[in-house]
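Architecture and fold: a report
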Amino acid sequence: MSDPPPRLALEQILDYLRQARGFDFTAYKRTTLTRRMQKRMEAVGIRDYDEYLDYLQVHPDEFPALFNTILINVTRFFRDPDVWEALAETVIPSLLAGKPEHAPLRVWVAGTATGQEAYSIAMLLADTLGMDRFRQRIKIYATDVDEEALAEARQGVYTEKQAADAPDDLRAKFFERAGERLMVVRELRRGVIFGRHDLLQDAPISRVDLLLCRNTLMYLNAEAQSQVMSRFYFSVVPGGCLVLGRAEMLFTQSALFQPIDLKRRIFRTTLTSARHRDRQPALGANGREDAVPQQPDPTVRLRQLAFEAGQDPQIVIDAAGIVVGVNGAARRQFGLGAAEIGTPLHQLELSYRPAELRAHIERAGDERHEVQIRGVAWDRPGGTRYYDVSFAPLVGEEGTLLGTRVSFADVTHIRALQDDLVNSKQELETAYEELQSTNEELETTKEELQSTVEELETTNEELQSTNEELETMNEELQSTNEELQTMNDELRTRGLELNTSNAFLESVLTSLRSAVVVLDRDLRVQAWNARAADLWGLRADEVTGDYFFGLDIGLPVQSLNGAVGEVLHGRAKDTTVVLPATSRKGRPLQCRVTISALADSNRETAGVILVMDEEGAG
């Protein structure tokens, strides 16, 4: 069976990471993933994707190293100073002016890595408001998918070199010394809440006034970027601001965000498509409305947690057929995520696999009582699973149908497994289509072309990293070349030794006055000295490799067959035969042939040696 192509093998690893570790990299650009995964494979001495998948399954400690390689946490304090200058002078004053004096201001830093950007915006706000008002009014949520980076960010401890990027006045005001390092002051650290959050899987943080997501979307493909931007629109309040990185643009989202400062990638939400806000999920991919609790009604929150913690997969559909809730078990079993919240059920594969749901949902709503279908088979790559599916209508106080809860109870353990069936896994991806004005798109494209040079600056760090990798490879190649030269010298020395040995043997054979013929186990001529050539009239180059008993010489070679066989098969160490023969000059003679065994390095018989002398010769 042939190996899968590299692209398919890479997808198998990504699917394993999603199922085994909950990290979904399928929306990341394949060129980036391929380059960074191969870097990690080289580090552990593996070249094949299939072999690396086996390595991941056997070595769980490899996962953190792989994630750290894929998620390059490149961040600095006040990265791109002109952006922070615009935030301090324009954006922050505008946001504060648009709110009542004591109203809270919420900030979300998505893709925070080790926290420098979150602390940077915290410093600006604390410097603007003063520490007391900062504590009272500001909530900063900093999220990332990398738990190790978040753990470092929560400490708020940095080296002198890392902290050097902060302006001198802010560094003196908001840092304190901790040994040889600098620590963010406690009051500022307490104002930043760090939490794990996957932009593609988890529900967005809501009611955000300022959202910073810089140089994170650039690693995602276009479709994933569109999904994330739609969630950002749900997250940011009307009139709120979004800040992206230099290399990121809103190619398909101009209907949602309008540029305030395109050069610095600062945008403001528009008031269009407001009706989509009504579909913001009540239960997100992690069973919560926010990455950090926002003081919801305790009873509502309790119901959400109970729904999320259910052992059986459950989904909730409203009366219009829209998916409004998916619990954790359903996400794991059916591969659902935050993207499916707010999506019509009929657009999802789940609507017809493992069972046709819509007809039963309509029946449960019409009859106002629970409907069940039992023993629904679902073919998976690991085997067939069976479910009892329940459809429970959700009815309001006045008898109004609000929606339907669909529950999947796994009853595989009480069913006998059927014959293995080939199951083709199908995934249905939902694309969000955004309407935008042709004129606005052309204007945006023109401005993007003017700022292309600035965007290329953000790729410099990756190029520097690649250069370091190439230097390392060059050193390895030089080392390999030195090893090859050493091996070549050893082979040359062995060749000289072999030539010397061959010359010595040739000299010995030539000096012998007897005719000497050496045969291998196949009775083919391996050596034929000068005396044999003189006696029988054939040169060594004419007979070497030929079958000895097929030679036409003055010696009746067939008469030697029995004696040669005795020695060759170990029944005799040596033997002598005297035969009448005719020399190459036609002179009759009596030839004494002595047959001896030829031993190899293991002292086993590798052939025979024939020594031929003329009987009576001196």
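Let us look at the structure shown here. (Residues numbered from 1 in each chain as written. Predicted model: local features only at pLDDT ≥ 70, side-chain atom pairs only at ≥ 80, totals over all residues. Heavy atoms only, no water.)

Quick look at the sheet that holds strand β11 (residues 314–318)
Our working rule: Here a strand pair is declared whenever DSSP counts at least two bridges between the two strands. Secondary structure elements are defined from DSSP: runs of H or I of at least 4 residues count as helices, runs of E of at least 2 residues count as strands, and each element is numbered from the N terminus. Only the stretch in contact is used when fitting a helix axis, every axis being a line fitted to C-alpha atoms; angles between N-to-C directions are given from 0 to 180 degrees.
Spatially, five strands are ordered β12-β11-β15-β14-β13 in an open sheet, and the strand pairing comes out antiparallel. Pairing within the sheet leaves two strands with one partner each, and these edge strands are β12 (323–326) and β13 (371–380). Direction aside, the axes of adjacent strands within the sheet are offset by 25° on average. Sheet topology places β11 next to strand β15 (residues 401–410); five bridges connect them, and they run antiparallel.

Focus on the packing of aromatic side chains
To keep it simple, the criterion reads: Under the pairing criterion, centres of Phe, Tyr and Trp rings, with the six-membered ring standing for Trp, must be within 6.5 Å; the plane angle then separates stacked pairs below 30 degrees from edge-to-face pairs above 60, leaving the rest tilted. Whether a residue is buried, partly exposed or exposed follows from its accessible area with a 1.4 Å probe, protein chains only, as a fraction of its type maximum: under 20%, in between, or over 50%, in that order.
Counted by the stated rule, this structure contains 15 aromatic pairs. A ring pair is formed by phenylalanine 334 and tryptophan 378, whose centres lie 5.2 Å apart and whose planes are at 45°; its orientation type is tilted. On the criterion of sequence distance, the pair formed by phenylalanine 334 in helix α14 (residues 328–334) and tryptophan 378 in strand β13 is long-range, its members being 44 residues apart. Assigned by exposure class, phenylalanine 334 and tryptophan 378 land together as buried. Aromatic ring contacts, followed pair by pair, group Phe77, Tyr119, Tyr158, Phe175 and Phe194 into a single cluster.

Some points on the nonpolar core
Applicable threshold: Take the buried residues of types Ala, Val, Leu, Ile, Met, Phe, Trp, Tyr and Cys, join any two whose side-chain atoms come within 4.5 Å, and each joined set is a nonpolar core. Contacts: residue pairs with any heavy atoms within 4.5 Å of one another.
Ranked by size, the top nonpolar core spans 45 residues in total, and within it Leu87, Ile121, Ile140 and Leu210 carry the most contacts. Looking at this core element by element, the count peaks at nine residues for helix α6 (residues 116–129). For isoleucine 140, the residues in contact, after removing those within four places along its chain, are Val107, Val109, Ala118, Ile121, Ala122, Leu125, Phe134, Gly191, Val192 and Ile193. Among the nonpolar cores identified, the runner-up in size contains 31 residues, and Val525, Leu551, Ala563 and Met612 belong to it.

Quick word on the sheet that holds strand β6 (residues 192–196)
One open sheet holds the seven strands; their spatial order is β6-β2-β1-β7-β8-β10-β9, and the pairing between them is mixed. The strands lining the two open edges of the sheet, one partner per strand, are β6 and β9 (257–261). On average, each strand axis in the sheet is tilted by 25° relative to the strand beside it, whichever way the strands run. The pairing of strand β1 (residues 105–110) with strand β7 (residues 208–213) spans three bridges and is classified as parallel. Note that in β7 the partner of valine 109 across the bridge is leucine 212. Against the sheet, α6 contacts β1, β2 (138–144), β6 and β7, and its axis sits at roughly 170° relative to β2. Sitting on the sheet, helix α12 (residues 222–235) is in contact with β1, β7, β8 (236–244), β9 and β10 (266–269), with an inclination near 135° to β8.

Let's talk about the side chain of glutamate 117
With respect to the element layout, glutamate 117 can be found in helix α6. Setting aside its immediate chain neighbours within four residues, glutamate 117 contacts Thr75, Arg76, Trp84, Val109, Leu212 and Arg214.

Purely spatial values, then, with no claim about function.
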